[in-house]
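The residues making up each chain are set out below.
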Amino acid sequence: MTTKQPLIGVLALQGDVREHAAMLEGAGARVRPVRRVAELAEVDGLVLPGGESTTMSRLLETFELLDPLRERIEAGMPAFGSCAGMILLARQVLDGRPDQRQLDGLDVVVRRNAFGRQVDSFEEELDFAGLEGGPLPAVFIRAPWVEKAGDGVEILARVPDVTAAPDAAARIVAVRQGPVLATAFHPELTGDERVHRLFVGMVRDA
Ligand code: GLN
C-alpha cells in the first residue's frame, strides 16, 4: 500500500459518490469506487457517502459487503462517513428501520432524520476542532445527529445556536474515534476540502 498518495475507496452502492471522489482527488488521494469485496480489499481507506442509510444497508447485504466491511473497520482501516455514512458507522441508530444494519465502527448512538421535526435542510458555519482556516461551511440534508458518544469518541463539531434549528443547538454533528471519522453534514457539497484533507491525512498516517 502506498503512503504518499493513498488509494481511497468510495462506497458506490448509492448516494453522492462522485462528489466525494472529486473532493478526495482534490485533497491528494487516488480514488476508486467500491462495490465488491475484491475492491474493498485494495483500498487504504473508505468513504461512506451521504444518501439513504436504509437503502445502503440493504445493498451492503445484497452485495455481501456488510461483514467484510465491518471486519476491515474492526482491523483499523480508516473510514469516513457523511450523513447516511455516519448512520451506517454508528453502533446504534434511533428512528431507524428495524432491519437496518450497523457497521459498529463508532461508539455513538445517532438519531436518524433528527432535524426533520424542525427543518429538513439547512446550511451553517461550524467550529470544527483542529481545522485551521476559520469556520467550516456545512450543508445538512435530512441529517442525523449524535445523541450519545462513548468516552473514546472525540467531539469535533456541534450545531451552533442557529435560528433554523433552535432546538438542535449544541447537538454533536462531527466525531472521530481513532481512524473513524463521521460528519452529520456533507463536506463533499461545499467546495471546502478541509475535511477531506483531514481524512486523507488520517489514511496516510494509518
Ligand atoms: N436521512 C438519510 C438516512 O437516513 C440520510 C440523509 C443524507 O445522507 N443526506 O440515511
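No experiment lies behind these values; they were computed from the predicted model shown.

Observations regarding the pattern of salt bridges
Enumeration according to the criterion identifies 10 salt bridges in this entry. A salt bridge links D107 to R91, with the shortest nitrogen-to-oxygen separation between them at 2.8 Å. Taken together, the residues span a long stretch of sequence, with D107 in strand β6 (residues 106–111) and R91 in strand β5 (residues 90–94) at a distance of 16 residues. On the basis of relative accessibility, which here comes to 27%, the residue D107 falls in the partly exposed class. Accessibility expressed as a relative area gives 35% for R91, which makes it partly exposed. Across the pair E193 and R197 runs a salt bridge whose closest N-O atoms are separated by 4.0 Å. Here the salt bridges do not stand alone but share partners, grouping D95, R111 and E147 into one network.

Things to note about helix α3 (residues 53–62)
Within the sequence span of α3, burial applies to S53, T54, M56, S57, L59 and L60. Looking at the buried residues of α3, the elements they touch are β1 (7–11), α4 (66–74) and α5 (84–89).

A closer look at the UniProt feature "binding site: L-glutamine" (unreviewed entry) in the chain
Under the feature "binding site: L-glutamine" (unreviewed entry), the UniProt entry names G51, E52, S53, R112, I141 and R142. Spatially, the listed residues are clustered: although they cover 92 residues, their C-alpha atoms lie within 12.8 Å of one another. Structurally, G51 can be placed in the loop between β3 (45–48) and α3. We classify G51 as partly exposed; its relative accessible area is 40%. Residues within four places of G51 in sequence aside, it is in contact with Q14, G15, M56 and A84. With respect to the helices, strands and loops of the structure, E52 is situated in the loop between β3 and α3. Apart from the residues within four sequence positions on either side, E52 is in contact with Q14, A84 and R112.

Examining α4
Residues separated by three or four positions in an α-helix point in the same direction, a consequence of the helix having 3.6 residues per turn. Listing the buried residues of α4 in full gives L66, L69 and I73. Viewed along the axis of α4, the buried residues span an arc of 70°, placing them on a single side of the element. The exposed residues of α4 that point more than 90 degrees off its buried face are E71 and E74. Elements that come into contact with the buried residues of α4 comprise α2 (37–42), β3, α3, β4 (79–82), α5 and β12 (180–183). Directly beyond the C-terminal end of α4, a positive phi value near 105° is found at G76.

Some details on the environment of L24
Secondary-structure assignment places L24 in helix α1 (residues 17–26). Put simply, L24 and V10 are 14 residues apart on the chain and 9.4 Å apart in space, counted from C-alpha to C-alpha. The residues contacting L24, other than those within four sequence positions of it, are I8, V10, A29, V31, V47, H196, F199 and V200.

Quick word on the site of the ligand
For the ligand, the full set of nearby residues is G50, G51, E52, S53, C83, A84, I87, R112, N113, I141, R142 and H186. One of the backbone N or O atoms of G51 is found 2.9 Å from an oxygen atom in the ligand. Taking N113, its side chain carries an N or O atom lying 2.6 Å from a nitrogen atom of the ligand. Considering the ligand on its own, with 300 Å² of exposed area, one finds that the protein chains cover 97% of that surface. Here the shell around the ligand is built from residues that sort into four nonpolar, five polar and three charged.

Some points on the packing of aromatic side chains
Each aromatic ring pair is specified by the distance between its two centres and by the angle formed by the two planes. Per the counting criterion, the structure on display carries six aromatic pairs. Geometrically, the ring pair formed by F115 and F122 is edge-to-face, given 5.3 Å between the ring centres and 65° between the ring planes. Among the residues examined, F122 registers a relative accessible area of 9% and is labelled buried. Taking 4.6 Å as the distance between ring centres and 5° as the angle between the ring planes, the aromatic pair formed by F122 and F140 counts as stacked. Pair noted here: F122 is in strand β7 (residues 121–126) and F140 is in strand β8 (residues 136–141), with a separation of 18 residues, a long-range link. Overall, the relative accessible area of 1% leaves F140 in the buried class. Three or more aromatic residues link up through ring pairs in this structure, and these residues are F115, F122, F140, W145 and F185.

Conventions and cut-offs
- Residues numbered from 1 in each chain as written.
- Predicted model: local features only at pLDDT ≥ 70, side-chain atom pairs only at ≥ 80, totals over all residues.
- Heavy atoms only, no water.
- Salt bridge = Lys/Arg side-chain N within 4 Å of Asp/Glu carboxyl O.
- Helix = DSSP H or I, 4+ residues; strand = E, 2+ residues; numbered from the N terminus.
- Buried < 20%, exposed > 50% of the residue type's maximum accessible area, 1.4 Å probe, protein only.
- Contact = heavy atoms within 4.5 Å.
- UniProt positions renumbered as here; feature names shortened; annotations may be inferred.
- Arc of directions from axis to C-beta.
- Near = heavy atom within 4 Å.
- Polar contact = N/O pair within 3.5 Å; in protein donor to acceptor, adjacent residues only side chain to side chain.
- Areas by Shrake-Rupley, 256 points an atom, 1.4 Å probe, with all protein chains shown as cover.
- Nonpolar A, V, L, I, M, F, W, Y, C, P; charged D, E, K, R; others polar.
- Phe/Tyr/Trp six-rings, centres within 6.5 Å; stacked < 30°, edge-to-face > 60°.

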